[in-house]
Amino acid sequence: MDQSKNTSSKPYSRSVVYTLTEGAIMVALASVLSFLSLRLWPQGGSIDLVMIPLIVFALRRGAGWGVGAGVIYGLIDCIISGGVGYGWQAIILDYAVAYAMVGLAGLLPNKPVAAACLASVTRLLIHIISGVVIWGQWMPEEFLGMNMTNVWFYSFLYNGTYMAGNMILAIIAVAVISKSTSLLKVQKT
């Protein structure tokens, strides 16, 4: 029997290959955009456009694919930005898990602005937790002209300063994309 005509022997369907390709392109685009950033703090945290391609991919392909792309991007960003020197805990929380949360935008495919908010807030929550459990021991006595006595408040201020900018950029970009193109049209895998 000729196996070349047997379609069940194909390991992946065409739509899965398209989705993987689209995800790779969006992760690559996010990686390129990471070089165009406004770095606020010497210890990390920047305002950039990185979340936009990840949110677009999650909205098009769903939360499962979005979370996967976020993890891959986070690990690539960790390598590119030198985050591996901070230890495995930071690699997991500040990179893999934080960017995985961006993929949760796929939970709200018909509400792109709410999806961008969800992606931003959940990423911020992971950075706050990381700021407490990993970086809290280095909390300064003063930050932004205020005395720091609570590590949760410090972590919220530190991470909130750059994540507010990222959230605003993501909301504006996703709103414009959703109104002016069909790029956010949900794709079935």
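That block above? That's the structure.
Residues numbered from 1 in each chain as written. Predicted model: local features only at pLDDT ≥ 70, side-chain atom pairs only at ≥ 80, totals over all residues. Heavy atoms only, no water.

Student: Tell me about the overall build of the chain, and please be specific about residues and values.
Tutor: Across its full length, the chain holds six helices and four strands. Its helices and strands taken in sequence order, the chain reads α-β-β-α-α-α-α-β-β-α from the N to the C terminus. Projected onto its principal axes, the C-alpha positions of the chain cover 75 × 40 × 25 Å. Taking all 189 residues of the chain together, 43% fall into the buried category. Put simply, 67% of the contacts in the chain that link residues at least 6 apart link residues at least 24 apart. Counting every atom, the chain has about 10300 Å² of accessible surface; 68% of that belongs to carbon and sulfur. (Helix = DSSP H or I, 4+ residues; strand = E, 2+ residues; numbered from the N terminus. Buried < 20%, exposed > 50% of the residue type's maximum accessible area, 1.4 Å probe, protein only. Contact = heavy atoms within 4.5 Å. Areas by Shrake-Rupley, 256 points an atom, 1.4 Å probe, with all protein chains shown as cover.)

Student: Kindly report on the nonpolar core, identifying the contributing residues and their values.
Tutor: Judged by nonpolar contacts, the single largest core of 35 residues is most densely connected at L54, I55, Y73 and V102. Counting only elements with at least two residues in this core, the list comes to helix 1 (14-33), helix 2 (51-61), helix 3 (63-81), helix 4 (88-102), helix 5 (112-133) and helix 6 (151-180). It is helix 6 that contributes the most residues to this core, nine residues altogether. Leaving out residues up to four positions away in the same chain, Y73 has contacts with V27, A30, S31, S34, V50, L54 and Y99. A90, L93, A98 and I134 belong to the second-largest nonpolar core, a separate cluster that totals five residues. (Core = buried A, V, L, I, M, F, W, Y, C linked by side-chain atoms within 4.5 Å.)

Student: Would you mind going over unusual backbone geometry in detail, with residue names and values included?
Tutor: The phi dihedral of L144 is positive, around 55°, even though this residue is not glycine. By secondary structure assignment, the location of L144 is in the loop between strand 3 (142-143) and strand 4 (146-147). According to the relative accessible area criterion, L144 is partly exposed, its value standing at 46%.

Student: Describe the pattern of salt bridges, listing the residues and the values that go with them.
Tutor: For the coordinates displayed, the defined rule picks out two salt bridges. In this structure, R60 engages E22 in a salt bridge whose closest nitrogen and oxygen atoms are separated by 2.6 Å. One end of the pair, R60, is in helix 2; the other, E22, is in helix 1, with 38 residues separating them in the sequence. Given a relative accessible area of 12%, E22 falls into the buried group. Across the salt bridge formed by R61 and E22, the nearest N and O atoms sit 2.7 Å from each other. Here R61 is found in helix 2, whereas its partner E22 is found in helix 1, with 39 residues between them in sequence. Each member of the pair, R61 as well as E22, carries the same accessibility label: buried. Taken together, the shared-partner salt bridges connect E22, R60 and R61 into one network. (Salt bridge = Lys/Arg side-chain N within 4 Å of Asp/Glu carboxyl O.)

Student: With reference to specific residues and values, describe the packing of aromatic side chains.
Tutor: The description of an aromatic ring pair rests on the distance of the ring centres and on the angle between the ring planes. The full count for this structure, using the stated rule, is six aromatic pairs. Ring centres of W135 and W138 lie 5.8 Å apart, and the angle between their planes is 45°; on these two criteria the pair is classed as tilted. Note on W135: relative accessible area 28%, which makes it partly exposed. A residue is classified by how much of its surface remains accessible, and W138, at 56% relative accessible area, is exposed. Ring centres of F143 and Y158 lie 5.9 Å apart, and the angle between their planes is 35°; on these two criteria the pair is classed as tilted. Taken together, the residues F143 in strand 3 and Y158 in helix 6 connect sequence positions 15 residues apart. (Phe/Tyr/Trp six-rings, centres within 6.5 Å; stacked < 30°, edge-to-face > 60°.)

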